[in-house]
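Descriptive structure summary
The primary structure of each chain is shown beneath.
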Amino acid sequence: MKTALMILALAAPIAACSRQAEDSVANSFDRTENAIENTAATLEAEAENATRSAAAALDAQANELANRAEAVEKAATTNTATTNSAK
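Residues numbered from 1 in each chain as written. Predicted model: local features only at pLDDT ≥ 70, side-chain atom pairs only at ≥ 80, totals over all residues. Heavy atoms only, no water.

1. Focus: the overall build of the protein chain
For clarity, the cut-off: Working definition: helices are DSSP H or I runs of at least four residues, strands are E runs of at least two. Numbering for both runs from the N terminus. Between buried and exposed lies partly exposed: a residue is buried under 20% and exposed over 50% of the maximum accessible area for its type, with that area taken using a 1.4 Å probe on protein chains only. The Shrake-Rupley method, run with a 1.4 Å probe sphere, supplies the accessible areas, and residue values consider only the shown protein chains as cover.
The helix and strand inventory of the protein chain stands at one helix and zero strands. Taking all 87 residues of the protein chain together, the buried fraction comes to 0%. Summing over all exposed atoms, the protein chain offers an accessible surface of approximately 7600 Å²; the carbon and sulfur share of this is 62%.

2. Describing the pattern of salt bridges
To be explicit about the condition: When a carboxyl oxygen of Asp or Glu lies within 4 Å of a side-chain nitrogen of Lys or Arg, that pair is called a salt bridge.
One pass over the structure, following the stated rule, counts one salt bridge. Note that R68 is salt-bridged to E64, the shortest N-O span being 2.7 Å. Taken together, the positions of R68 and E64, both in helix α1 (residues 2-86) and four residues apart, correspond to about one turn of that helix.

Next up, the structure:
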């Protein structure tokens, strides 16, 4: 009987420790899950920003190229008109 009481007395703290360990593991899992979700959200936002920036840079380059092409065309037209009137 004494042995059984000793076993019960020892089992209670072990059960409490086991429950604390379960809670600790669950909390650790939740923190890890939240960190992963936050990282994913940050990466998604950064990818969207990078995509928008790249698109804006490409648009600016396309506009610059179009402006240069117009300037060359205008210069060619002006030169042709000047050359024809000089004849």
